[in-house]
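So the chains spell out like this:
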Amino acid sequence: MRPALAKIDLSALRHNLRRVRECAPAASVFAVVKADAYGHGAARLLPVLEQQADALAVACIEEALALRAAGATQPILLLEGVFAAEELALCAEHGFEISLHDPLHAGWLEAATLARPLKVWVKLDSGMHRLGVRPQALPALVARLRACANVDAELGVMSHMACADEPARPNTATQIACFAEATQGLGVRRALSNSAGVLHWPAAHHDWVRPGIMLYGVTPMVGHSGADDALRPVMTLSTALIAVKQLKAGESVGYSAAYTCAQDMRVGIAAIGYADGYPRHAPSGTPVLVNGQRSQLLGRVSMDMICVDLSAQPQAGIGDPVTLWGEGLPAEEVADAAGTIAYEMLCNLAGRVRVETVG
Ligand SMILES: *Cc1c(COP(=O)(O)O)cnc(C)c1O
């Protein structure tokens, strides 16, 4: 059996959800589980989420339907709303809440025949300029939706922050002020915070928060790792050494002979590669753990294998454990070395990696 394994620790998920409550005690919680819970497998997290989150949030109706099929009973918010008018009836049938980012979609709602009114979150563009209506357009859109029989009376307004992971930049304070001003007196439920908002911007907490990455024990805050924000990694990706080589000075290892040994050295071959979701662009020097001790990647990442430095481990042999990220090695640090973000690495976990749920 191939040793590549993603261990999913539900006790870490419980801990991280408690952290959300500690940070934002007055807010209700949408657990963001889009992209199959950032690669963790949403279905296996549902028992914990049903206990500790108030609702779920995903990107689209396909993801929401998959959650219902897996047994999710909580409200589910579609963060990007619907992509076609036909989806509205399914949303009503399954109790999905939708974000609504364009007046076009208000027209779809007005023209629809629905089993019951939908809970709608109007998306406000408070400065990210991706989705949403401008503050000036908000009151009219809210009034229009209030007049629509297909819209539940409990209307919401949500917005998203562009730079909340970088506290030194002024953008977030501007967005928080814009959101507060635009929603003041509207009598709507309000949602602004992603994980960075939950962790570092109390003024952005409002009625509902939408943490994603922090649930998985990874911090969005630039330059931090999860432990700095008292989070615990949920996923630990590991494998084992399948070969050990004694190479001579001047010999190279792997594709393109990209790493050449400066002196005689021991090199390990571990069964993990880019087809497992390990980042192809991780360069020599990217940290890995071998037998729990820090080591480094050498040369190119192959589809199914990587090469690791065993200079400091003369005893290391075939079968010894190798950790790529998770417990003992923050995914944030690996992502940094590989020129990406931990979000992407987690989402890229491949279907062929065995998953074991613990805790
Ligand atoms: C993905 C997403 C979130 C969660 O973001 P994190 O940085 O993972 O906490 C929150 N809100 C919206 C609209 C999103 O798309």
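Note that this is a predicted model, so its numbers are computed, not measured.

A. Summary view of the pairing of strand E17 (residues 321–325). Taken across its 5 residues, E17 has 4 buried, putting it largely inside the fold. Strand direction decides the pairing type here: strand E10 (residues 235–247) and E17, joined by 4 bridges, are antiparallel. Note on E17: the bridge partner recorded for Ser238 is Thr323. One ladder, built from 2 bridges, connects strand E14 (residues 287–290) with E17; its direction is antiparallel. Looking across to E17, one finds that Val290 is bridged to Val322.

B. Examining the layout of surface pockets more closely. Within this model, the largest pocket holds a volume of roughly 900 Å³. Lining of the largest pocket is provided by 40 residues; of these, Asn194, Ile213, Pro220, Ile341 and Tyr343 occupy positions nearest its centre. When residues of the lining of the largest pocket are traced back to their parent elements, those giving at least two are helix H2 (34–38), helix H9 (195–200), helix H10 (331–338) and helix H11 (342–347). The leading source of residues in the lining of the largest pocket is H10, at 4 residues. Grouping the amino acids of the lining of the largest pocket by side-chain chemistry returns 22 nonpolar, 9 polar and 9 charged. Residues lining the lining of the largest pocket come from more than one domain, with at least three contributed by each of domain 1 (10–218) and domain 2 (235–358). Quantified by volume, the second largest pocket comes out at close to 170 Å³. Forming the boundary of the second largest pocket are 14 residues, of which Pro75, Gly95, Phe96, Glu97 and Lys119 lie nearest the centre. Residues of the lining of the second largest pocket, tallied by class, amount to 7 nonpolar, 1 polar and 6 charged.

C. Examining the UniProt feature "binding site: substrate" (unreviewed entry) in the protein chain more closely. Per the UniProt annotation, the sites labelled "binding site: substrate" (unreviewed entry) are Arg130 and Met303. With a sequence span of 174 residues, these residues are also far apart in the fold, their greatest C-alpha distance being 34.9 Å. Cross-referencing the annotated residues with the lining of the largest cavity gives Arg130. Secondary-structure assignment places Arg130 in the loop between strand E6 (120–123) and helix H7 (138–146). The exposed category is assigned to Arg130, whose relative accessible area is 56%. Along the chain, Met303 falls in the loop between strand E15 (293–298) and strand E16 (306–309). For Met303, the contacting residues outside a window of four places in its chain are Gly273, Tyr274, Ala275, Asp276 and Arg352.

D. Highlighting the pattern of salt bridges. Counting across every chain of the model gives 13 salt bridges. With its nearest N and O atoms 3.3 Å apart, the salt bridge here joins Lys7 to Glu327. Remark: Glu327 occurs in the loop between E17 and H10 and Lys7 occurs in strand E1 (residues 5–9); sequence separation between them is 320 residues. For Lys7, a relative accessible area of 23% puts it in the partly exposed group. With a closest N to O distance of 2.7 Å, Arg352 and Asp276 form a salt bridge. You can see Arg352 sitting in the loop between H11 and strand E18 (354–358) and its partner Asp276 sitting in the loop between strand E13 (265–270) and E14, a full 76 residues away along the chain. By relative accessible area, Arg352 is classed as partly exposed at 42%.

E. How the structure looks around the environment of Gly326. Structurally, Gly326 is set in the loop between E17 and H10. Judged by relative accessible area, which is 6%, Gly326 ranks as buried. Taking the C-alpha atoms as reference points, Gly326 and Leu247, 79 residues apart in sequence, are found 30 Å from one another. When sequence neighbours within four positions are dropped, the list of residues in contact with Gly326 reads Pro233, Met235, Thr236 and Ala331.

Calculation rules
- Residues numbered from 1 in each chain as written.
- Predicted model: local features only at pLDDT ≥ 70, side-chain atom pairs only at ≥ 80, totals over all residues.
- Heavy atoms only, no water.
- Buried < 20%, exposed > 50% of the residue type's maximum accessible area, 1.4 Å probe, protein only.
- Helix = DSSP H or I, 4+ residues; strand = E, 2+ residues; numbered from the N terminus.
- Pairing = 2+ DSSP bridges.
- 1 Å grid on protein atoms, 1.4 Å probe; cavity = no way out; pocket = protein on both sides within 12 Å on 5 of 7 lines; lining within 4 Å.
- Points joined across faces, edges and corners; volume = space filled by probe spheres on them.
- Nonpolar A, V, L, I, M, F, W, Y, C, P; charged D, E, K, R; others polar.
- Domains from an automatic or database assignment.
- UniProt positions renumbered as here; feature names shortened; annotations may be inferred.
- Contact = heavy atoms within 4.5 Å.
- Salt bridge = Lys/Arg side-chain N within 4 Å of Asp/Glu carboxyl O.

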